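Structural description and commentary
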Amino acid sequence: MSDETRLTELRQKFGRQPAAPDETTGAEPTPREAQPRFRGLESGHRACQGCGEALAARLVMECAGPDVMVANATGCLEVFTTAWPESAWRVPWAHSLFENAAAVASGMEAAMKARGRNTKVLAFGGDGGTYDIGFQALSGMLERYHNVLYVCYDNEAYMNTGIQRSSSTPHAATTTTSPAGRERMGKRHLKKDLLSIIAAHHIPYAASASVAFPQDLQRKVRYAMGIDGPTFLVVHSPCPLGWRHESRLTINVARRAVECGLFPLVELERGSLTNVMPIRDQRPVTDYLQLQGRFAHLFGDDPRAQQKRDHLQALADYNVQVYGLTGAGPDPADTGGAAAVGRSGVAAGRR
Amino acid sequence: MSQRINLQGNHACALGAIRAGCRFFAGYPITPSSEVAESMARELPKVGGTFIQMEDEIASMAAVIGASMGGMKSMTATSGPGFSLKQENLGYACGAEIPCVIVNVMRGGPSTGMPTRPSQGDIMQARWGTHGDHPIIVLAPASAAEAFSETSRAVELSEQLRVPVVVLLDEAIGHLVETVDLDAIPETPEVWRKWAEGPKQDYEPYAVTDDMVPPMSRPGDGYRTHTTGLTHAPNGFPTQNPAIAEAALTRTTTKLDLHRERYESWRVRQCDDADLLIVAIGISARAAQAAVDDLRADGVKAGLFRPVTLWPFPEEALREVVASSGAKTVLVPEMNQGQLVLEVERVLKGSAGTVGLGRIDGEAITPDQIAGKAREILG
């Protein structure tokens, strides 16, 4: 069966057809209407209220699918999407282990290639499975140049096992294994700058995205899907349980992380910075921190609290400076990010 | 003031290790053992110890080995899949004779399996998980209090014998909250490994001594040493000389035979006149205890033999109990498809009939199940 026939079959299977020109007026369908209906991640899964990861996965799948197969690392995503006897996935999907999503995806991709198929392989992991235990497999996959899009849903701790710190946990956040107290003000180390390490593999495309900017996120997925080679996306995905914020605030929290500079949205091609989401009015980091219980100890009487807040502000300012985030352009908050990005890049080459 | 506290099995492991002088923990989150790491993250800083969360289980085990070589009592905790990742490093620790403690809280397997469900599927992995012939001690607590005392004992044994010691809990014991009287657990004098002493030029890191446990050199004490995962001669350097290699391997694999009395531990309950003997560990032994009471109330002479030291298996003790009680049948309830029963069969060599009873559905084995099986056997 040719890829074209199979795609048609998939489109039929997933319901709404790409719209044809209107029978009476002859008007062409809008680009949106021309999209086949594919929800990516079906509703009814068991994610917590306000789960950023569930939203991010749906946004990614919506524009990556349906002609994909997924290797999913151990984590919340795997657990909540596949509660017996139901699956939220409508694509070939396999959960394997914690440390090996990138390696399993490498094998899947090699097999598809050997069979002459163009189906894109996606690998999904959380920050634990990407920054920490799966890091070696990911590096190998990138270096061997597998045609895989790896998406890391970054909620900045091991949430599935009960909120332990990871190398993605931000400085000063409290977790069960970096508890804030007399000895320490939460995690004492810095959040690992994974994207720079990924970029150092000189892969065609690596980017950061946020659930607060869905258009931007989806544009990045589409761009990555069009590339024949390894691509990487890290999506900032708040976890109301682990970050201890109200579940209705997920998008607000994620948006403020971008607007204060702590989670810069950037794109790198072959190791070079090609684009960033500009920030028109940089928020103070405290706007972001104060929404979350994991930073509550930074707002108490402890004299170290001010130091930690200053440190986090300095980290945000560093991001703003090094990525040139204060460039001109429409504020992403006005447009959901869709209008704020152009491939020429406001900061291209600045790094 | 009596220290009666409600303690979870996993927390008890952490506190027990600290009481025995463990001051270094490297771990990685995995259900159902994460509470051991969380406890250590809270408690170790209070006593000047070090907690490190590593990037995976391989690194956790390696860091524990490094810390032990650096002169600290060290421990890690994990569950089935993580225990598998640790196995290569564990083999290194066995071969290079590095004292360390590994807590493995068993969950349903294989692979990710049933992470929140109890199992006893790692009985064989605990003994034979790593490669090659190797010495190892495995302790199997059956209560929160025992999780405390046995983890303490694990730290001591690993120090005394320069051998990795595994504390094997099942999820049910790991998460069981029981009132524990810490005062009732005897304080023992702190035990350290034998450190190198005497003339520096004579020191050999793997010297053959009477007790087969060579003294370790403490970094900074000035003893020249050589540590390697390659098969090594008494001077520590790698060798493929057949005679030396055989002697070196024989010493490490047989050193435990010399010290059986130090580590062997088991409990018996109503075994004197038992017609039917039950052999079980962990939560299965708790259920078996209730089954024994139930059967006795019915006039069935049942008894329980519970290995606390699971490996090396207390074989002489079991043979004696079977011989002295005259039990005709031995029932082995366990939460797997039959691992402990194989060892019991090997030990008894047909001197009593051996019947296995497995449960692998993610639920804890129940007293009714065991008593029912016993009645079925006895007709």
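These numbers come from a predicted model, not from an experiment.

Here we come to the interface of chain A and chain B. Across the contact, 19 residues belong to chain A and 18 residues belong to chain B. For the pair chain A and chain B, the summed buried area comes to about 1300 Å², and 57% of that belongs to carbon and sulfur atoms. At the boundary of chain A with chain B, the tally comes to zero salt bridges. Our enumeration of links across chain A and chain B arrives at six residue pairs in polar contact (both at pLDDT 80 or more).

A full pass over the atoms with the stated rule returns 12 aromatic pairs over all chains. Geometrically, the ring pair formed by Trp-89 of chain A and Trp-93 of chain A is stacked, given 5.6 Å between the ring centres and 20 degrees between the ring planes. A relative accessible area of 22% places Trp-93 of chain A in the partly exposed class. An aromatic cluster is present here, built from Trp-89, Trp-93, Phe-124 and Tyr-153 of chain A joined pairwise through their rings. Over the ring of Trp-243 of chain A we find Arg-294 of chain A; its NZ or CZ atom is 3.9 Å from the centre of that ring. In this structure, Arg-218 of chain B packs its charged tip against the face of Trp-195 of chain B, placed 4.3 Å from the ring centre.

Let us now look at the pattern of salt bridges. All names here are of chain B. For the coordinates displayed, the defined rule picks out 38 salt bridges over all chains. Here Glu-146 makes a salt bridge to Arg-306, at a shortest N to O gap of 2.8 Å. In this pair, Glu-146 is assigned in helix H6 (residues 144-161) and Arg-306 in strand S12 (residues 302-307), connecting sequence segments 160 residues apart. An identical accessibility class is assigned to Glu-146 and Arg-306; each is buried. Here the salt bridges share partners, and the residues they tie into one network are Glu-315, Glu-316, Arg-319, Glu-343 and Arg-346.

Attention now goes to the sheet that holds strand S14 (residues 329-334) of chain B. Residues and elements named next belong to chain B. Reading across the sheet, the five strands line up as S10-S12-S11-S14-S15 and stay open at both edges, with mixed pairing between neighbours. Strand pairing shows two members of the sheet lacking a second neighbour, strand S10 (266-269) and strand S15 (353-358), which therefore form its edges. Across the sheet, the mean angle from the axis of one strand to that of its neighbour is 20 degrees, orientation sign disregarded. On the sheet, helix H12 (residues 340-348) packs against strand S11 (276-279), S14 and S15 and is oriented at approximately 155 degrees with respect to S14. Lying over the sheet, helix H13 (residues 367-378) contacts S11, S14 and S15, oriented at roughly 145 degrees with respect to S15.

All names here are of chain A. Looking at the element boundaries, Ile-227 is found in the loop between helix H9 (214-225) and strand S6 (231-236). Between the alpha carbons of Ile-227 and Glu-42 there is a distance of 26 Å; along the sequence they are 185 residues apart. With sequence-adjacent residues up to four places away left out, Ile-227 is seen in contact with Lys-120, Asn-147, Pro-204 and Tyr-205.

What follows covers the domain arrangement of chain B. Often, the extent of an interface is quoted as the loss of accessible area on bringing the components together. Residue and element names in this part refer to chain B. Domain boundaries in chain B define domain 1 (4-184), domain 2 (200-260) and domain 3 (269-378). For domain 1 versus domain 2, the separation of C-alpha centres amounts to 25 Å. Listed per partner, the contact involves 17 residues of domain 1 and 18 residues of domain 2. Carbon and sulfur atoms make up 66% of the surface buried where domain 1 meets domain 2, a total of about 1400 Å² over both sides. The interface formed by domain 1 and domain 2 includes two salt bridges.

Glancing now at unusual backbone geometry. Cis geometry marks the peptide bond from Trp-84 of chain A to Pro-85 of chain A, where omega comes out at -5 degrees. Residue placement: Pro-85 of chain A occurs in the loop between helix H4 (76-80) and strand S2 (93-95). Going from Trp-311 of chain B to Pro-312 of chain B, the amide bond is cis rather than trans, its omega being -15 degrees. Relative to the elements of secondary structure, Pro-312 of chain B occurs in the loop between strand S13 (309-311) and helix H11 (315-325). Although it is not a glycine, Glu-156 of chain A adopts a positive phi angle of roughly 65 degrees. As for its position among the elements, Glu-156 of chain A is in the loop between strand S4 (148-154) and helix H8 (194-199). Its identity is not glycine, yet Ala-172 of chain A carries a phi of approximately 75 degrees, on the positive side. According to the relative accessible area criterion, Ala-172 of chain A is buried, its value standing at 0%.

The next thing to look at is the side chain of His-146 of chain A. Residue and element names in this part refer to chain A. When you line up the elements, His-146 lands in the loop between helix H7 (135-143) and S4. Here Glu-109 takes part through its side chain, which lies 2.8 Å from a polar atom of the side chain of His-146. Reaching out from His-146, the side chain makes a polar contact with the side chain of Arg-144 at a distance of 3.0 Å. Dropping the residues within four chain positions of it, His-146 is found in contact with Ser-106, Glu-109, Met-141, Gly-229 and Pro-230.

Turning next to H11 of chain B. Residue and element names in this part refer to chain B. Regarding H11, the residues found buried are Glu-315, Ala-317, Leu-318, Val-321, Val-322 and Ser-325. Buried residues of H11 fall within an arc of 165 degrees about the axis and therefore sit on the same side. Exposed positions of H11 whose direction lies more than 90 degrees from the buried face are Glu-320, Ala-323 and Ser-324. Looking at the buried residues of H11, the elements they touch are helix H9 (260-263), S10, S11, S12, S14 and H12. Gly-326 occupies a position one or two residues after H11 and carries a positive phi of about 75 degrees.

Residues and elements named next belong to chain A. Taken in spatial order, the eight strands make up an open sheet running S2-S1-S3-S4-S6-S5-S7-S8, and their pairing is mixed. Two strands in the sheet have a free side with no partner beyond their single neighbour: S2 and strand S8 (272-276). Strand-to-strand twist in this sheet, taken as the mean axis angle between neighbours without regard to direction, amounts to 20 degrees. Summarising the sheet, strand S1 (residues 68-72) and strand S3 (residues 120-126) pair through five bridges and their orientation is parallel. Looking at S3, one finds that Ala-71 is bridged to Ala-123.

Another aspect to go through is the confidence of the model for chain B. Per-residue confidence for chain B gives a mean pLDDT of 96; residues scoring 70 or more make up 100%. For this predicted complex, the interface confidence reaches an ipTM of 0.87, while the overall pTM sits at 0.89.

So, about empty space enclosed by the protein. All names here are of chain B. For the structure shown, the criterion picks out one cavity of 30 Å³ or more. If you add up the space inside the largest cavity, you get close to 30 Å³. Those elements that place two or more of their residues in the lining of the largest cavity are strand S5 (100-108) and H6. Residue contributions to the lining of the largest cavity peak at three residues, all from H6. Considered class by class, the residues forming the lining of the largest cavity number four nonpolar, two polar and two charged.

Here we take up the pairing of S12 of chain B. All names here are of chain B. Among the six residues in S12, six count as buried, and that is most of the element. What you see with S12 is no split at all: Ala-302, Leu-304 and Arg-306 on one side and Gly-303, Phe-305 and Pro-307 on the other are buried throughout. Sheet topology note: the S10/S12 ladder contains four bridges and is antiparallel. Its bridge partner being in S12, Arg-267 is matched across the sheet by Arg-306. Here S11 pairs with S12 via four bridges, running parallel. Paired with Leu-276 across the strands is Ala-302, a residue of S12.

How each quantity is defined
- Residues numbered from 1 in each chain as written.
- Chains lettered and ligands numbered in written order.
- Predicted model: local features only at pLDDT ≥ 70, side-chain atom pairs only at ≥ 80, totals over all residues.
- Heavy atoms only, no water.
- Contact = heavy atoms within 4.5 Å.
- Buried area = accessible area lost by both parts, 1.4 Å probe.
- Salt bridge = Lys/Arg side-chain N within 4 Å of Asp/Glu carboxyl O.
- Polar contact = N/O pair within 3.5 Å; in protein donor to acceptor, adjacent residues only side chain to side chain.
- Phe/Tyr/Trp six-rings, centres within 6.5 Å; stacked < 30°, edge-to-face > 60°.
- Buried < 20%, exposed > 50% of the residue type's maximum accessible area, 1.4 Å probe, protein only.
- Lys NZ or Arg CZ within 6 Å of the ring centre and 35° of its normal.
- Helix = DSSP H or I, 4+ residues; strand = E, 2+ residues; numbered from the N terminus.
- Pairing = 2+ DSSP bridges.
- Axes fitted to C-alpha atoms, helices over the stretch in contact; angles between N-to-C directions.
- Domains from an automatic or database assignment.
- Arc of directions from axis to C-beta.
- pLDDT = per-residue confidence, 0-100.
- 1 Å grid on protein atoms, 1.4 Å probe; cavity = no way out; pocket = protein on both sides within 12 Å on 5 of 7 lines; lining within 4 Å.
- Points joined across faces, edges and corners; volume = space filled by probe spheres on them.
- Nonpolar A, V, L, I, M, F, W, Y, C, P; charged D, E, K, R; others polar.

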